[in-house]
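# Residue-level structural notes
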Amino acid sequence: MTQYTIVSDRKMSNCAGADRYIELAGISDFEDLWDLIDTGVIIKINDSPITINGKSRNFKILDAFNNQKFDANIGKYDTATTQKRWLRIGKYSDSVRLTPEQIIILFMEIRNSNCFISIKSLTYYKHIFKRIPRETNVYVLEASSCEHVDELVHLDTFLRKFNIFSRGNTYTLGKNSPSYQGYIIEGATKEFVGIPFSPNLEIVNFNAEDLE
Amino acid sequence: MKNWLYKSNEECAEDIQTLIETEGTIGNKDIIYIYSDDNPEGEGFLLTCKYSISIGRQATLEEFTPLEIDLPYRILYKTQTHNSLIELNDFEYKFILKINDDTQNENLESFENFLFKLETENDLIPTGIANSITFNIGQPNTGKSYNFEESKLFKLESVNKYKYLKIPVSGGIGNEYKGLQNTDLAITYDPIKEELRFGEFLQMLMSAIVNPKVPHVVFLDDFHNQDISSLLSEYTPLFKGQQKRKIKELTNNDIFNEEFSSTDEFIKQWNRFIKSHCDKDEDNNDIPVVRLTNRVSGDSLSLVFPSNFYLLGAANFNENTLNIFADWEDRAEVTYKYPVETFIESDFYRANETDEFLQCCIFMNKKLKEILESKGIFDYERYCFGMWKIVTSNEAIIADDNKKKTIKFFFGMIKNALKLNNKNSEINNIGWELMQQMQGNEWFKSNIKEVVATTEVIDYKILHKHNIYEDEI
């Protein structure tokens, strides 16, 4: 069984358009899924047949917490230079009211020609900061610009208890990204910083691969 | 009446009336709690306001002191997004508002009865048990426990019509949690569940009293691991032969109630039962009642000695069994297992009588007995070794490659027995004499050791090799 842990972002949680998906770049087993379906290595996913539709391969994904199945599909976009795959989880995302800054765990196991895929989302931390590339210790909160998430008036007061202060500048995360309030987190070097629910606990600095 | 939880970071959710209109299932007398995840102090979430819904679905703000709360995970993720409403079930409501469940505590205090009415079979008694209290003492492998096993005492078809409990008595010196304690057999206090606990032994005895036609057997296996007088000290005043009585059949079943409101209530009911039912036995004699001290909750437990209760014990000779019987010799039928005699009576012996190795072992035991007698030692059951060591679980004689090892083991057993009985100075003499006498057996001579049968000079090296040597300094 393989397991992948990722931090949810705007794209997965209905903050950026109606298409809610996980980009599978770097998640090798899931990237291969398309080819495994097309070559007939996998015939069923979660005991149900796969329906093939032009640019997507449709199946049902299992919510490991609630033991419910949701429509999902694998999408493909190939050009001469790049090959992109994504996992669309719209129905699941709505059901669990997925927001950015959550921890998503994907499981996959292939038994004979049946592939088991399940997903669960966890809220380990109250917030998960994401590092701005090319800045040393500037971090932003992706949920802060999502219209489905409540605006937090007391956020800065709460963060001060962890010695995290607003930078006063705004930053973006790549192309088409909204701008976010930047925060300085001294001593943090890794991709993410998890802020616990209580100020009595410590913040955790981690990379995506540390979660696995 | 339903309880709802609504997440809103605005003060007391001013849009509450709109919410009620869109959410059709909110009804009269419902309560809506508002919580915020924008708590500057951290430490969980803040329950800020409380609305009650009246007729006409009107929300009224009630007086409420904000409360820091913790959320079950289902609630947390279902209310992650903006302005989410969720119905709370009973458990979640109590968890969030930190309401202690009183009904649950009452349940914890109730006492579940361990006494049941059992099926009976006329005149069923355990086979081969002469006395209610019977102890077998002997060397290892003399078949002490064998006749006390469940299958030897009762026929298969009588199952469920008797009760049998085997308690392996363990030592565990230095660790109060390891060994069997006398309190395990009687009443103890369980500090974790905060309640009285009735030991298995006591449960059997009480069950025997209320089921007077059903034999109840407790078998204390290997009780030499502890001092039996101390282990059973609480029962010493009860188990006197002259106090044993045939209890009458029960006339009412109050004592079999499944539950009592508390342990104390059960003890009171039990004592009432003993007082009313066990005043006279079947032959209209008085029944002596002995009270088992209950230091924990006050009321002592009245007990009688029923004739259908059997206490069996098996033990080796050691410092705990050398002189246990000041009090228990009087109460128990004590049998010493003579290794050779009991073995020769067995079916196994009759079937394998001609085996050379078997004859060698019996020869060795008999010669040892003669040597001991010549030195004025007559309690040779303490020194001779158990013969069942040479029999495998398939009722065959052990394999050839084990035979030499077993003879060495027997010499070791003899040495240990001599040591235990303060005959250290005799180990070498008896060992050498036995070695010489054994030359009369052909199997021994050809397989173990040939020594010159007449020499008076002890060859300590040979004795050491055969594990029956003690240095003489």
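See above for the structure.
The following paragraphs examine the structure supplied in this document. If you're wondering where the values come from, they're calculated on a predicted model, not measured in any experiment.

The rules behind the values
Residues numbered from 1 in each chain as written. Chains lettered and ligands numbered in written order. Predicted model: local features only at pLDDT ≥ 70, side-chain atom pairs only at ≥ 80, totals over all residues. Heavy atoms only, no water. 1 Å grid on protein atoms, 1.4 Å probe; cavity = no way out; pocket = protein on both sides within 12 Å on 5 of 7 lines; lining within 4 Å. Points joined across faces, edges and corners; volume = space filled by probe spheres on them. Helix = DSSP H or I, 4+ residues; strand = E, 2+ residues; numbered from the N terminus. Pairing = 2+ DSSP bridges. Axes fitted to C-alpha atoms, helices over the stretch in contact; angles between N-to-C directions. Contact = heavy atoms within 4.5 Å. Salt bridge = Lys/Arg side-chain N within 4 Å of Asp/Glu carboxyl O. Buried < 20%, exposed > 50% of the residue type's maximum accessible area, 1.4 Å probe, protein only. Phe/Tyr/Trp six-rings, centres within 6.5 Å; stacked < 30°, edge-to-face > 60°. Lys NZ or Arg CZ within 6 Å of the ring centre and 35° of its normal.

### Let's talk about the layout of surface pockets
Residue and element names in this part refer to chain A. Empty space within the largest pocket amounts to approximately 560 Å³. Lining the largest pocket we find 30 residues, and of these H127, A143, V149, D150 and L152 sit closest to its centre. Among the elements of the structure, α4 (155-160) and β14 (179-184) are those that each provide at least two residues to the lining of the largest pocket. Of all the elements, β14 adds the most residues to the lining of the largest pocket, at 4 residues.

### Topic: the sheet that holds strand β9 (residues 163-168) of chain B
Residues and elements named next belong to chain B. Taken together, the 5 strands give an open sheet; going across it, the order is β9-β12-β18-β8-β19, and neighbouring strands pair in parallel fashion. Of all the strands in the sheet, the pair left with one neighbour each is β9 and β19 (333-336). For this sheet, the mean angle separating the axes of adjacent strands, direction not counted, is 15°. Direction of pairing for strand β8 (residues 133-137) relative to strand β18 (residues 309-315): parallel, over a ladder of 5 bridges. If you follow T134 over to β18, its bridge partner there is L312. In the packing of helix α7 (residues 200-210) onto the sheet, contacts are made with β9, β12 (216-221) and β18, and the angle to β9 comes to roughly 160°.

### Things to note about the pattern of salt bridges
All names here are of chain A. A full pass over the atoms with the stated rule returns 29 salt bridges over all chains. Between D19 and R88 there is a salt bridge, and its shortest N-O distance comes to 3.2 Å. With a gap of 69 residues between them, D19 in the loop between β1 (2-7) and β2 (21-23) and R88 in strand β8 (residues 83-88) connect regions that are remote in the sequence. The class of D19 is partly exposed, set by a relative accessible area of 34%.

### Overview of the packing of aromatic side chains
Inspection of the entire model under this criterion finds 45 aromatic pairs over all chains. Ring geometry for F114(B) versus F266(B): centroids 5.6 Å apart, planes at 65°, classification edge-to-face. Of this pair, F114(B) sits in the loop between β7 (111-112) and β8 while F266(B) sits in helix α9 (residues 263-277), and the two are 152 residues apart along the sequence. Overall, F114(B) belongs to the buried group, its relative accessible area being 13%. The exposure class of F266(B) is buried, given its relative accessible area of 0%. Site record: aromatic cluster; members linked through ring pairs are F135(B), F201(B), F223(B), Y235(B), F239(B), F305(B), F309(B) and W328(B). The residue whose ring lies beneath R57(A) is W34(A), and the NZ or CZ to ring-centre distance is 4.1 Å.

By themselves these figures say nothing about function.
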